[in-house]
Amino acid sequence: MGMPRPVLLTTAVTAGALLLAPLPATAVPGRDVPRPHPVRENGAPDAATPLGASANRAAPAAGTAATTAPALRKDGGYPRRTVLTPPPANPADKSIKLGLTPYHSLAPRLNALQKLGNRVSVEVAGRSAGGHELYLVTVTAPESTREAREQDRMRELIEDSPAAAAKDRRIKSAYKTPVFINNNIHGNEWEGTDAALRLIEELAKAKDGRTRDLLDRNRIYLNVTANPDGRIAGTRANSEGFDLNRDFITASQPEARAVRQIGVDKQPAVMLDLHGYVNGTLIEPTTPPHGENYEYDLFLKNSYANALGMEKAVNDLGYTPGEDGVEAPVIPFRDQEEGWDDWPPVFTPQYMAFQGAVASHTVEFPMRVNNSDYETLPVAELRRRSAINTDIAGAVMRATLTYALAHRTSVIADQIETFRRGAAGEAQRPVSAQTVPGVPGIGPEDVYTTAFPRAYVIPAGGGQRSAPAAARLVDHLIANDVQVRRATAGFRLAGRSYPAGSYVVDMHQAKRGIANVILAEGRDISADVSTMYDISGWSLGLLWGASVEKIQRADGALRVPGRTVPAASPTGSVAGVTGGGALRLRLDDPDELAALNSLLAQGVRVRRAADGSAIVPGSARRQAAVLADRHGVVFAATKEKGSGELRRTRVAAAVTPGERFALREMGFEVLPVSTQTLNAGFDWSTADVLYVSSGLEYGGLNPAARTALDGFLDGGGDRAGRLVALGSAGAAFNTAAGLLTAEPVAGNGDANGVVRVTNAGGPVTGGAPAHSFVYSPLWFTGLGDEVRVDQSYGTGNPLVSGHWRAAENGTGGPTDAAGRPSVVSGTAAKGTRVVLFGTEPLFRAHPKGLFPQVGRALLGAAG
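Summarised in this report is the structure supplied together with it. (Residues numbered from 1 in each chain as written. Predicted model: local features only at pLDDT ≥ 70, side-chain atom pairs only at ≥ 80, totals over all residues. Heavy atoms only, no water.)

### What to know about the overall build of the chain
Then, number 1: Helix and strand counts for the chain come out as 27 helices and 34 strands.
Then, number 2: Against the globule reference of 29 Å for 863 residues, the chain gives a C-alpha radius of gyration of 27 Å, in line with a compact fold.
Then, number 3: The principal-axis extent of the C-alpha atoms belonging to the chain is close to 80 × 65 × 55 Å.
Then, number 4: Looking at the chain residue by residue over its 863 residues, the buried ones come to 61%.
Then, number 5: The long-range share in the chain, meaning contacts at least 24 apart out of those at least 6 apart in sequence, stands at 80%.
Then, number 6: Just so you have it, the chain exposes about 29500 Å², and 52% of that area is on carbon and sulfur atoms.
Then, number 7: For the chain, the separation between the mean place of its 90 positive charges and that of its 88 negative charges on side chains is 7 Å. (Helix = DSSP H or I, 4+ residues; strand = E, 2+ residues; numbered from the N terminus. Rg over C-alpha atoms; globule rule 2.2 N^0.38 Å. Buried < 20%, exposed > 50% of the residue type's maximum accessible area, 1.4 Å probe, protein only. Contact = heavy atoms within 4.5 Å. Areas by Shrake-Rupley, 256 points an atom, 1.4 Å probe, with all protein chains shown as cover. Lys, Arg positive; Asp, Glu negative; His and termini not counted. Charge placed at Lys NZ, Arg CZ, Asp CG, Glu CD.)

See below:
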């Protein structure tokens, strides 16, 4: 990209002052009565989905439609009061040291803020993984029930009939711009929460005309802390160990689902996500590559202009490098060439662009107060830094509100245009000096567009590899506000026939961008940039285990007999066999593994079929019927008897949080282990198999721990020792323990994405998808005679989508991996059954169609 982009000086917006004078606490009849807390997830007060709970059509798996955060209230006007119950005081809350607001003080503070007047409403948007309430604050001018309903009508018209909305005079004059401010999604990046509380108080009290105008024309939504677990503990992740700002698209965690629901229900046009710590203050928009499914011309126009206003507001605070240690703000689009991109939709601001945000930003505060700084710096210095960060957070919030007010008409028009293009099926407009006037430095390196297909079909019946996977994918699309139709009769599209019950995603719809993000295979961007900030490929269409067919072209309107559905139809069934005949349960889906593990936990004697599936005795039909309904799985009739018994498997797991979560989602009992826990003494009689991908080094074990581990791996009696190992840490463990003869070869450590694979079938990869996911990919050479190849990378260039280059010395690229073994297994000389993965089938609990490969391996199928 050459020289840094020039600074545009003509469109900067000055942040308006908000006065602190009190506003009379005028009650609004019928709308100031305190309300009880709303219903939690799954329709039960304070319900928590247990770890390992799996999908069924009544209550699908985490991340699907029925377990999203509850839709926020649409009854009545504003304010909508909730009397929050404060949690017990926690003196160990890590924010206290910084002079910031601990989580237990938020509820009393918000209760008090609601009493300041008639502008502040509080709702509980959900609960964290650790059970803490998520507080959503709405600040706006009072609205009667009729006025609120009119806002809902206009919001729905913008999405459902954007062409009509563009001509609607009432929208132009009266629709309130939804502005969403998300705080503290990384738990140890605290200060956005405190700035939000200050802002709420200022807006509640201010009497000036500018503030009244702001609240008459905007609804301001503030997620006070998106990660209370991490705020309390001083950790980036939530209590499950997940980085929530990597969980969008997967939505495995309740906090991410709650934010997603806010996006769906509120349809923000402008959005901020507050983070730390980058000095100077980093304000998006980003460097290339830019997400190819955005209407990026509309997005860049607004995001860049708002960034300039935020930059000015930060500079106006007067902090300097010499006196305060605060460097000048950085706008990556203008000031950097690459390395801070908006390509993956896993980050909150990038995800919100698909829910209608035309200005959406990550902002990184400058003064580090977490990690080692938190532990080593004096309290006074930490509090000085936190105070600066809080000031800066407040400045960017106020500047953004000023932008939303000053550009209200064009911001709403651009959101409508985003949706109109999708509904009309129009092509994207590549960014250029002509399409985005006023933004300097746009070059060909900024142009990322895609050709949207006409439709996607998720076929029913024989055209579908996995009924539970298809239902899960459909529910996930709907949870992301994608319209899905279910055919009531057979139909033809683009020369292909599909049966009744098939699902169709018409890509002429407002939110085609998120539909394509989820279903498309993605793109290989390896040649476009040298480095990426995070993952570069994520296709749910290829990785979630369902069959998905792309319809590139279709003449005219899609004539599919059917209706738009609110959820996938039930998929579970039990074959009507006579005489107590056996049942076959395929193990190609995580829900099928969960059903199997439930049967085993109930003491049902299940045997293994030659293809790796499970043979369930006819005597267990009653249990099978319950599980078919609960998990949406199919128990088919079979005459096969099976060979060898499947047993309940307890997994000693040295794994990442995402892998641990995925194992529990499949119903495995997980016993966390590490080098430290084994050295402290571990009872191996409680475990059936060892799974190693992180945190366990064979060479780091003391003699007693190594002896105990070797005894477990050597096995004894009729139960051989078992090891499943993944990635470089797992392969190193296998080598150090002297087990399977297989030499690991590491690809480029920065590589990641979706790859083509060839499955050999059999017990580990039988029924597996033709694609996998890699992150720091690995393959195996020098295989011993005892080693079986279960899966290999595809020939040629196996990378379908993502970023995978050769290293500087020319090695480690995708062509080096082509045709090489990616998953191998066998029985070592010691008798240990081993499976080695060079792929990442459980990565961040995301590629659900790949989970069964690990599940089958853990069940001992490799033997």
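Once the structure has been displayed, the description carries forward.
### What to know about the pattern of salt bridges
Then, number 1: Enumeration according to the criterion identifies 50 salt bridges in this entry.
Then, number 2: The network of salt bridges with shared partners includes Glu295, Asp297, Glu417, Arg420, Arg421, Glu426, Arg429 and Arg512. (Salt bridge = Lys/Arg side-chain N within 4 Å of Asp/Glu carboxyl O.)

### Let's talk about unusual backbone geometry
Then, number 1: Across the junction of Asn279 and Gly280, the peptide omega takes the value 5°, indicating a cis bond.
Then, number 2: Inspection of the secondary structure puts Gly280 in the loop between strand 5 (270-276) and strand 6 (282-283).
Then, number 3: With an omega of 0°, the peptide bond running from Pro288 to Pro289 counts as cis.
Then, number 4: At Gln267, a position not held by glycine, the phi torsion is positive, near 50°.
Then, number 5: Of the residues examined, Gln267 reaches a relative accessible area of 1% and is grouped as buried.
Then, number 6: Positive phi, normally seen in glycine, also occurs at Asn371, with a value near 55°.
Then, number 7: Position of Asn371 among the secondary structure elements: in helix 13 (residues 371-376).
Then, number 8: Using a relative accessible area of 48% as the deciding quantity, one classes Asn371 as partly exposed.

### A closer look at the environment of Asn752
Then, number 1: Tracing the backbone shows Asn752 in strand 28 (residues 752-759).
Then, number 2: For Asn752 and Ala546, which are 206 residues apart along the polypeptide, the C-alpha to C-alpha distance reads 22 Å.
Then, number 3: Among all residues touching Asn752, those that are not within four sequence positions of it are Asp534, Ile535, Ser536, Gly537, Val774, Tyr775, Leu799, Ser801, Gly802 and His803.
Then, number 4: One polar contact links the side chain of Asn752 to the main-chain amide nitrogen of Ser536, over a distance of 2.6 Å. (Polar contact = N/O pair within 3.5 Å; in protein donor to acceptor, adjacent residues only side chain to side chain.)

### Some remarks on helix 17 (residues 512-519)
Then, number 1: Burial within helix 17 is extensive, with 8 of its 8 residues counted as buried.
Then, number 2: Within the span of helix 17, buried status applies to Arg512, Gly513, Ile514, Ala515, Asn516, Val517, Ile518 and Leu519.
Then, number 3: Lining the buried residues of helix 17 we find helix 12 (348-353), helix 15 (408-424), strand 10 (455-458), helix 16 (467-479), strand 14 (503-506) and helix 18 (540-543).

### A closer look at the sheet that holds strand 14
Then, number 1: The sheet built from 5 strands is open, its strands ordered 15-10-14-11-16 with antiparallel pairing. Of all the strands in the sheet, the pair left with one neighbour each is strand 15 (549-551) and strand 16 (562-564). Averaged over all adjacent pairs, the angle separating strand axes in this sheet is 25°, with direction ignored.
Then, number 2: Here 2 bridges tie strand 11 (residues 485-487) to strand 14, and the two strands are oriented antiparallel to one another. (Pairing = 2+ DSSP bridges. Axes fitted to C-alpha atoms, helices over the stretch in contact; angles between N-to-C directions.)

### Quick look at the side chain of Gln428
Then, number 1: Within the fold, Gln428 resides in the loop between helix 15 and strand 10.
Then, number 2: Taking relative accessible area as the criterion, Gln428 reaches 10% and is therefore assigned buried.
Then, number 3: Looking at Gln428, its side chain comes within polar contact range of the main-chain oxygen of Glu292, at 2.9 Å.
Then, number 4: A polar side-chain atom of Gln428 sits 2.8 Å from the main-chain amide nitrogen of Thr450.

### Brief notes about the sheet that holds strand 18 (residues 582-585)
Then, number 1: The 6 strands lie next to each other as 17-21-18-20-19-22, forming an open sheet whose pairing is mixed. Where the open sheet ends on each side, the last strands, each with one partner, are strand 17 (573-574) and strand 22 (645-646).
Then, number 2: Examined bridge by bridge, strand 19 (residues 606-608) and strand 20 (residues 614-616) share 2 bridges and lie antiparallel to one another. The partner of Arg608 across the bridge, within strand 20, is Ala614.

### Considerations on the environment of Gln552
Then, number 1: Positionally, Gln552 belongs in the loop between strand 15 and strand 16.
Then, number 2: Overall, the relative accessible area of 48% leaves Gln552 in the partly exposed class.
Then, number 3: Beyond its immediate stretch of four places on either side in the chain, Gln552 contacts Pro453 and Arg454.

### A word on the pairing of strand 5
Along any regular strand the residues' side chains alternate between the sheet's two faces.
Then, number 1: Taking burial as the measure, the 7 residues of strand 5 include 7 buried ones, the bulk of the element.
Then, number 2: Residue alternation in strand 5 divides its side chains into two sets, Val270, Leu272, Leu274 and Gly276 and Met271, Asp273 and His275, and both sets are buried.
Then, number 3: Pairing between strand 3 (residues 177-183) and strand 5: 5 bridges, direction parallel. Counted as the bridge partner of Asn182 is Asp273 from strand 5.
Then, number 4: Sheet analysis places strand 5 next to strand 9 (residues 359-365), joined by 7 bridges and oriented parallel. Bridging across to strand 9, Leu274 finds its partner in Val363.

### What about helix 2 (residues 145-160)?
Residues spaced three or four apart along an α-helix point in a common direction, a consequence of the helix completing one turn every 3.6 residues.
Then, number 1: Over its 16 residues, helix 2 runs 22 Å from end to end, which matches the ideal 22 Å to within 8%, given 1.5 Å per residue.
Then, number 2: Turning to helix 2, its buried residues number three or more, namely Ala148, Glu150, Gln151, Asp152, Met154, Arg155, Leu157, Ile158 and Glu159.
Then, number 3: Against the buried residues of helix 2 lie helix 3 (162-165), helix 4 (169-174), strand 4 (218-223), helix 8 (254-266) and helix 15. (Expected span 1.5 Å × (residues − 1).)

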